[in-house]
Amino acid sequence: MPICPVCEYRSTEWKEVAGHLYSLTRKSDATHVMWLNRNLTIKEVDVEKLSEMLEEFFSIRGELSSWIREKFIQKFYGENPHPFILAMQKPNRAVLLGYVIEHQHFLKNWVKVLSEIIFKTDEDDVVKYELDNINVEYFGYNGKPSHYELLLRMGESLGMPRKEILGYSPLPSTKTAINTWRRIAIERDWVETLAAMHSLELVADKTLRKYGAKMHYFNEAILTSNDYPQEVKDFLREGYEADQSHAGEALTLVDKYSKDEERVQVTVLRSFDAFAKYLTARLERAMEFDSKVILQ
Amino acid sequence: MKIQVNGSKAGDKESGCALCGATWGDYYEEIDGERLFFCCDVCATEFKNMLKEVKNRTGWKKIDEITINGNFYKGRTCIAKSGGNEFKFYVRFNDNAEVETFKVTD
Ligand SMILES: [Zn+2]
Ligand SMILES: [Zn+2]
């Protein structure tokens, strides 16, 4: 059912939602204008055209998971890939340190939000999936260190003691992003939270290129290069060689359990918004170590 | 003030918002004696906060020209000009339209 992605006003037709959005843009309502600017187009169109564009944007061809994947690629790997992903094609010490320092906070929050999904759901396969994920992220499995531990080791290998890494507070953007995800976890259905969180794992999914992504999360040559410490390669390889269906598995659960697809779509877009901000925070942290890290 | 956003002229309804280049909305504000178009009040506030920061750091009274490249997520790399002088910087705003990050870039 057609939905306003900002205030969730609902109607039986897109034309009405378009009229609603359009009239609010005439009043320069910041949240509605911004949504259009960031998701649809910065050039004003009439109600008729806006209605078509909204319907096209939200229409699901196949499964909801395909829509999520498509939007993720458009936003982070499309014509203008996110600058952090560009920086990861040839990351220097500053970029990797920016990654380590901000990501520790992301990972801590990650498991907390996943716990909220477990708390809210009654589905066994979802509980199991989330517990497995928490294990991998936080405790490690089969005797292998956790992602969190691998991340800290990467930081240490770049010459920053663990104690110093752990001493950093998150940058304001990281904090804002984390708050967005916490709010989603508390206020929305568990299916929406599941979709909002695990669709972010698509960022390192190497199958993404099959769906049209122009590049991988990082330049794979790093994995065999002598220019990077082993710990950097270990951390990056972990994500790279993870089961290809890692994010895919969660998206299958989203397809299986979502009842209100539009609400899931709206929440996923909010999560993408927070994620883009958060990736920029990694680069801003990097600028503290190398002022030449370029953000564009 | 001559304004360029992502390669195009900006600052009126036809060309787009003085900060982001969008042509949605209908918001005007007088800045340095000029009536400028913005898509929303948030962009207007961001623009004003940005100019204030530039003036504070340079001591300029007036800005003749500003070139803005980027967007909300990535932040914006800019060149401000006044008289014969040039000032290059990177700026990013928080959700309250305040300057969150400001860095002088050579
Ligand atoms: Zn609305
Ligand atoms: Zn604007």
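Presented here is an overview of the structure given in this document. Remember, it's a predicted structure, so these values are computed and weren't measured experimentally.

Once that is clear, we can look at the coordination of the zinc ion (ligand 1). Residues and elements named next belong to chain A. In this structure, Cys-4 (SG), Cys-7 (SG), His-20 (NE2) and His-32 (NE2) serve as the protein donors to the zinc ion (ligand 1), at separations of 2.1 to 2.2 Å. Note that the zinc ion (ligand 1) binds 4 donor atoms; their angles at the metal cover 102 to 121 degrees, and the shape is tetrahedral. For His-32, a relative accessible area of 5% puts it in the buried group.

For the rest of this paragraph, the subject is the packing of helix 4 (residues 64-77) of chain A against helix 13 (residues 246-257) of chain A. Residue and element names in this part refer to chain A. Running from N to C, helix 4 and helix 13 point in directions that differ by 130 degrees, and their axes come no closer than 8 Å. Viewed along their axes, helix 4 and helix 13 adopt a mutual orientation that is oblique. Taken together, the residues of helix 13 that come into contact with helix 4 (itself represented by Leu-64, Ser-65, Ile-68 and Arg-69) are Gly-248, Leu-251, Val-254 and Asp-255. Class assignment of the residues belonging to the contact of helix 4 with helix 13 gives a composition of 4 nonpolar, 2 polar and 2 charged.

For the rest of this paragraph, the subject is the coordination of the zinc ion (ligand 2). Residues and elements named next belong to chain B. Only Cys-17 (SG), Cys-20 (SG), Cys-39 (SG) and Cys-43 (SG) from the protein reach the zinc ion (ligand 2) as donors, at distances of 2.3 to 2.4 Å. Each of the 4 donor atoms bound to the zinc ion (ligand 2) contributes to angles spanning 104 to 117 degrees, and the resulting shape is tetrahedral. Along the chain, the residues that donate to the zinc ion (ligand 2) are spaced as C-x2-C-x18-C-x3-C. One end of the pair, Cys-17, is in the loop between strand 2 (8-9) and strand 3 (27-31); the other, Cys-39, is in the loop between strand 4 (34-38) and helix 1 (41-58), and 22 residues separate them in sequence. Given a relative accessible area of 0%, Cys-17 falls into the buried group. For Cys-39, a relative accessible area of 0% puts it in the buried group.

All names here are of chain A. Tallying each qualifying case throughout the model produces 2 cavities of 30 Å³ or more. The calculated volume of the largest cavity comes to roughly 520 Å³. Taken together, 29 residues make up the lining of the largest cavity; nearest its centre are His-147, Glu-201, Val-203, Ala-204 and Gly-239. Broken down by secondary-structure element, the contributors of at least two residues to the lining of the largest cavity are helix 6 (93-120), helix 12 (230-241), helix 13 and helix 14 (261-287). Across the lining of the largest cavity, the residue classes tally to 16 nonpolar, 6 polar and 7 charged. Its boundaries defined by the atoms lining it, the second largest cavity holds a volume of some 30 Å³. Lining the second largest cavity, in full, are Tyr-77, Val-203, Asp-205, Lys-206, Leu-208, Arg-209, Ala-213, Met-215, His-216 and Tyr-217. Partitioned by chemical class, the residues of the lining of the second largest cavity number 6 nonpolar, 1 polar and 3 charged.

The rules behind the values
All residue numbers refer to positions counted from 1 along the written sequence of the respective chain. Lettering for chains starts from A, numbering for ligands starts from 1, and both go in the order in which the items are written. Per-residue local features are limited, in this predicted model, to residues with pLDDT of at least 70; the limit for side-chain atom pairs, both in listing and counting, is 80 or more; totals at the level of whole chains, interfaces and linings are taken over all residues. To get the side-chain values, all heavy atoms of the structure are used, and hydrogens and water are removed first. Only N, O and S atoms count as donors, using a 2.8 Å limit from the metal and a wider 3.2 Å limit for Na, K and Ca, and since water is excluded some coordination spheres may look unfilled. Just to be clear on the cut-offs, tetrahedral is four donors with all angles between 85 and 135 degrees, square planar is four donors and octahedral six with opposite donors over 155 degrees apart and all others between 65 and 115, and anything else goes down as irregular. Only protein chains enter the area calculation, which uses a 1.4 Å probe; residues under 20% of their type maximum are buried, those over 50% are exposed, and those in between are partly exposed. In this analysis, axes come from line fits to C-alpha atoms, helices being fitted only over the stretch in contact, and the angle between any two N-to-C directions falls in the range 0 to 180 degrees. Helix and strand assignments come from DSSP, with helices taken as H or I runs of at least 4 residues and strands as E runs of at least 2, each series counted from the N terminus. Geometric relationships in this document are graded by angle, where less than 35 degrees denotes roughly parallel, more than 145 denotes roughly antiparallel, 65 to 115 denotes roughly perpendicular, and other angles denote oblique. Whether two residues are in contact is decided by their heavy atoms, any of which lying within 4.5 Å being enough. Residues are grouped as follows: Ala, Val, Leu, Ile, Met, Phe, Trp, Tyr, Cys and Pro are nonpolar; Asp, Glu, Lys and Arg are charged; all remaining types, including Gly, are polar. In this analysis a 1.4 Å probe is tested at points of a 1 Å grid over the protein atoms alone, and where it fits but cannot get out there is a cavity; an open set with protein on both sides within 12 Å along at least five of seven lines is a pocket; lining residues have an atom within 4 Å of a point. Grid points are joined across faces, edges and corners, and a volume is the space filled by probe spheres set on the points.

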